Amino acid sequence: MEDETKTHSMQIDRRRLDRAHFNLPCLVVVAGPSMGEKFSLAKERIVIGRHREAEICINDESISRKHAEVLSKADRIVLRDLGSKNGTYSNNHKILEIELKDGDLIRIGDATLKYLGPNNVEQFYLDEMSERARRDSLTGLFNKQAFHTCLGQILLRCRDLGEPLSVAMLDLDWFKNINDQWGHPAGDNVLKEFADLIKPGIRPTDFFARWGGEEFGLILPHTSLKEAPVATERIRNRVANHAFLFEGQRLPVTISIGITERTDADETIEPLISRADKALYQAKQEGRNRSCCFNGP
């Protein structure tokens, strides 16, 4: 444990010294929709709004489609309202155009963003806090909130491009029995080992998260309902054939998986998740340790 702490501290120290990590000005969402997201101001003009093509897209009805813009002018960063319905505010003052100063708070609809100038060390701190907020402490996987945010963004992109998108919900079978028979340390060990087992096989384009308890979510962009079972069956077989050991005893660990694909009627993520849950329930009803695709309304 001491060695791990030293290693983590060394990594942090190295990142503190790596000025390139935070040498650009940026906006960080500190309250409201998309909280925790950080946007580097690397272009001369960056539009903030609800429109999917905005460089800083915050999907909230209180924000206009093209709400405001940030302009880089020599050594100045300028915030300008674009005729938004609800107005643009800097430090609680409604503005049409203003030069941003380090630490300024910008309110756009229900979202509040903080402007951090180049080389502001607070960027490092916010990066660390943002990453921790997106991760599950036990498994190191992304958490439910990160899953929701990512799925919302990918759904919008796939709808715009007409690309397929599949979502799978995974659940460890009879997990309560493991906790009851071998204790919660055994259950925690299984969850961590399961995550470590699956992570290397996840495609770079996919998104794997712990949904909660013994349930996990998998986002499969550019993947149809015909293709998704190939990926999920690979995961299921890997788990079924792996020896999960605790204190010298092999634990009975298998998973059930429910899969669905986006439809043109899916404007939000909730119908997708609901159908994947229904498919997961079907897999449980049919005997567990299997994948099921959603069929039906």
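Not measured: the values here are computed from a predicted model.

How each quantity is defined
- Residues numbered from 1 in each chain as written.
- Predicted model: local features only at pLDDT ≥ 70, side-chain atom pairs only at ≥ 80, totals over all residues.
- Heavy atoms only, no water.
- Helix = DSSP H or I, 4+ residues; strand = E, 2+ residues; numbered from the N terminus.
- Areas by Shrake-Rupley, 256 points an atom, 1.4 Å probe, with all protein chains shown as cover.
- Lys, Arg positive; Asp, Glu negative; His and termini not counted.
- Charge placed at Lys NZ, Arg CZ, Asp CG, Glu CD.
- Buried < 20%, exposed > 50% of the residue type's maximum accessible area, 1.4 Å probe, protein only.
- Pairing = 2+ DSSP bridges.
- Core = buried A, V, L, I, M, F, W, Y, C linked by side-chain atoms within 4.5 Å.
- Contact = heavy atoms within 4.5 Å.
- Salt bridge = Lys/Arg side-chain N within 4 Å of Asp/Glu carboxyl O.

Caption draft 1: Focus on the overall build of the protein chain. Helix and strand content of the protein chain: seven helices and 18 strands. When the backbone C-alpha atoms are referred to their principal axes, the protein chain occupies close to 65 × 55 × 25 Å. Per element, the accessible surface of the protein chain, about 15,700 Å² overall, is 49% carbon and sulfur. In the protein chain, which carries 42 positive and 45 negative side-chain charges, the distance between the mean positions of the two groups comes to 2 Å.

Caption draft 2: Representation of the pairing of strand E13 (residues 207-212). For E13, the tally of buried residues reaches five of six residues, placing the bulk of the element in the interior. In this sheet, strand E14 (residues 215-221) lies alongside E13 in antiparallel orientation, the contact comprising five bridges. Of the residues in E14, the one forming a bridge with alanine 209 is glycine 217. Hairpin connection of E13 to E14: two residues between the antiparallel strands, including glycine 213 at a positive phi of 60 degrees.

Caption draft 3: Representation of the pairing of strand E5 (residues 68-73). Both strand E3 (residues 45-49) and E5 contribute to a ladder of four bridges, which runs antiparallel. Counterpart to arginine 45 in the pairing with E5 is leucine 71. Where E5 and strand E6 (residues 76-81) come together, six bridges link them in antiparallel fashion. The partner of lysine 73 across the bridge, within E6, is arginine 76. Hairpin connection of E5 to E6: two residues between the antiparallel strands, including alanine 74 at a positive phi of 55 degrees.

Caption draft 4: Broad picture of the nonpolar core. With 29 residues, the main nonpolar core has Leu170, Leu172, Phe194 and Phe208 as its most contacted residues. Sorting the residues of this core by element identifies strand E12 (165-172), helix H4 (175-182), helix H5 (184-198), E14, helix H6 (228-240), strand E15 (244-246) and strand E17 (255-261) as the ones contributing at least two each. Here this core takes seven residues from H5, the largest share from any one element. Not counting residues within four places of it along the chain, the set of residues in contact with phenylalanine 194 comprises Leu170, Leu172, Phe208, Phe216, Val239, Phe244 and Ile255.

Caption draft 5: View of the sheet that holds E6. Strand order in this open sheet of five strands is E4-E3-E5-E6-E9, and the pairing throughout is mixed. Unpaired on one side and paired on the other, strand E4 (56-57) and strand E9 (97-99) mark the two borders of the sheet.

Caption draft 6: Local environment of the pattern of salt bridges. Evaluation of the coordinates by the stated rule reveals 15 salt bridges. In this structure, the salt-bridge partner of aspartate 171 is lysine 284, at a minimum N-O distance of 2.7 Å. Residue aspartate 171 is located in strand E12, and its partner lysine 284 is located in helix H7 (residues 270-285); the two are separated by 113 residues in the primary sequence. With a relative accessible area of 11%, aspartate 171 lands in the buried category. Residue glutamate 233 is joined to arginine 236 by a salt bridge in which the shortest nitrogen-to-oxygen separation is 2.9 Å.

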